[in-house]
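Each chain, letter by letter, is given below.
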Amino acid sequence: MLSLELRATAIPSAIPTIRMVAADLAARADFDLDSIDDLRMAADDLCSMLVRIAAGNAVLRCRFTVRPERIEVAAEVDVDDGVDALPTGSFGWRILECLADRVSAVSLPAEPGRGGRVRITLMKDAMPAQQL
Amino acid sequence: MTPSVSSVGTEQQGEYAHLAPLQRRYGELAADDPQRQRLREQLISGYLPVAEHIARRFAGRGEPLEDLVQIATVGLINAVDRFEPDRGSDFFSFAVPTITGEVRRYFRDHGWSTRVPRRLKDLHIAIRGTLAELSQQLGRAPRPSEIADRLGLPLSEVIEGLQAGEAYRSASLDEMLGSGDGNATLGEFIGGLDTELDLIDDREALRPLLAELAPRERTIIALRFFRHLTQTQIAEQVGISQMHVSRVLRQTLAFLHERMAGPD
């Protein structure tokens, strides 16, 4: 198992780098090219969603866990108080569900001194079911 | 030296002062005057260091300097041809934005296709060459290891080549759109418009947009997101390459994202 964590300023220009890391990990894990591309797009959508709702100066934390059978991407940002709507009804979310094999979002309650946190986790299996 | 030149850098003026009279003459000659051509060449080669200087400012973005110099030179030629001395501005303040604009346009329009070194480009072409056959044999997209076996190359090189392909396909999203002051990239305009979308019924909003798509784009989106086919399967059905499917998906999603955001 390989685990890798990126911390980036939660701004759009960080996304291409994260997207590239996602694709690179999938390629090195010998995922097939479709799955590599899916994961790349999924990472992009996931981060875009979080960047969009991130509080000012928030850090986007993105943790990749690579296992032979699947890659997990868990990303989270701090959000301002009152932002509790998970982006699960959005167009981007719908795409994410299609690109990844499993997606989930959680909203973590605010801690003293800061607002809440939103975390989205996606899993991409090494070989999508319909290809077996 | 004319007073009109005094607003630009004095070093540049000094260096190029001898070209100003040529510039004026060039502007005065009739379009079909045989002397014009010679003057034009003199002006272009005289101002060439300006183009080179600007080209160098754009180096380090993955484009060979000599290519950039060529593009900048095109900009310079345009500047020489279009400059109107009697407008009261000096050549530099006209030429610099013209040349810079040409290089920027190049990055925006074509930069993505040549942002990778030649070796990687060749590698990428070799990889692409194996995809159709391997996909057909396997009934799915190949893995990097399978491509490496086919090409007799180390896996690490194939992975590098695939990354080159990614730069080839998507770097344009990350390109700077404006002058660099605003730091806006195209990606910033199309990414992450989702929170607003929570407020509306996506399905309803999406329907008319899907209707706006070209038939092939609509088909590809439908196959991918509603029938859950893989890119390789779609490629087979639609009769284009997987690379192409990937590109269409990316562009169409970007379009939909953008349109879903609406004019707010």
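Computed from a predicted model, the values in this text were never measured in an experiment.

(A) Fine view of helix 13 (residues 231–238) of chain B. Among the residues of helix 13 of chain B, those classed as buried are Gln231, Thr232, Gln233, Ile234 and Ala235 of chain B. With its phi angle positive at about 85°, Gly239 of chain B sits one or two positions after the end of helix 13 of chain B.

(B) Representation of the pairing of strand 2 (residues 59–66) of chain A within the structure. Residues and elements named next belong to chain A. Bridging between strand 1 (residues 2–9) and strand 2 involves eight bridges; their strand directions are antiparallel. Considered in strand 2, the bridge of Thr9 is made with Val59. Summarising the sheet, strand 2 and strand 3 (residues 70–78) pair through six bridges and their orientation is antiparallel. Following the sheet pairing, Thr65 is matched in strand 3 by Glu72.

(C) Here's a closer look at the environment of Ala214 of chain B. Residue and element names in this part refer to chain B. In this fold, Ala214 is placed in the loop between helix 11 (202–212) and helix 12 (215–225). Residue classification places Ala214 among the exposed residues on the basis of 10 C-beta atoms within 10 Å. Sequence separation between Ala214 and Thr252 is 38 residues; the distance between their C-alpha atoms is 9.8 Å.

(D) Summary view of the environment of Ala126 of chain A. Residues and elements named next belong to chain A. Take Ala126: it is sitting in the segment after strand 5 (117–125). Distance from Ala126 to Ala26, taken between C-alpha atoms, is 8.5 Å for residues 100 residues apart in sequence. Non-local contacts of Ala126, meaning those with residues more than four positions away in its chain, are made with Phe31, Pro68, Glu69 and Arg70.

(E) Just the nonpolar core, in detail. All names here are of chain A. Ala26, Leu46, Cys47, Leu50 and Leu60 are the most contacted members of the largest nonpolar core, which has 62 residues in total. Broken down by element, the residue count for this core peaks at twelve residues, all from helix 2 (residues 33–53). Those residues in contact with Leu60, other than ones at most four positions away along the chain, are Ala8, Ala10, Ala14, Cys47, Leu50, Val51, Ala54, Ala75 and Val77.

(F) Structural detail: the sheet that holds strand 4 (residues 102–108) of chain A. Residue and element names in this part refer to chain A. With antiparallel pairing, five strands are arranged side by side in an open sheet as 1-2-3-5-4. Two strands lie at the open edges of the sheet, namely strand 1 and strand 4, each paired on one side alone. Each neighbouring strand pair of the sheet contributes to a mean axis angle of 15°, computed without reference to strand direction. Helix-sheet contacts for helix 1 (residues 15–28) involve strand 1, strand 2 and strand 3, and the interaxial angle to strand 2 is about 5°. Its contacts with the sheet place helix 2 against strand 2, strand 3 and strand 5, and it is angled at close to 175° to strand 5.

(G) Spotlight on the confidence of the model for chain A. Confidence along chain A averages 86 in pLDDT terms, with 91% of residues attaining 70 or more. Low confidence marks residues 128–132 of chain A, where pLDDT is under 50. Its contacts with residues over four positions away, or in another chain, come to eight contacts.

Rules of the game
- Residues numbered from 1 in each chain as written.
- Chains lettered and ligands numbered in written order.
- Predicted model: local features only at pLDDT ≥ 70, side-chain atom pairs only at ≥ 80, totals over all residues.
- Buried ≥ 20, exposed ≤ 12 C-beta atoms within 10 Å, placed from the backbone.
- Helix = DSSP H or I, 4+ residues; strand = E, 2+ residues; numbered from the N terminus.
- Pairing = 2+ DSSP bridges.
- Contact = placed C-beta atoms within 7 Å.
- Core = buried A, V, L, I, M, F, W, Y, C linked by C-beta atoms within 7 Å.
- Axes fitted to C-alpha atoms, helices over the stretch in contact; angles between N-to-C directions.
- pLDDT = per-residue confidence, 0-100.

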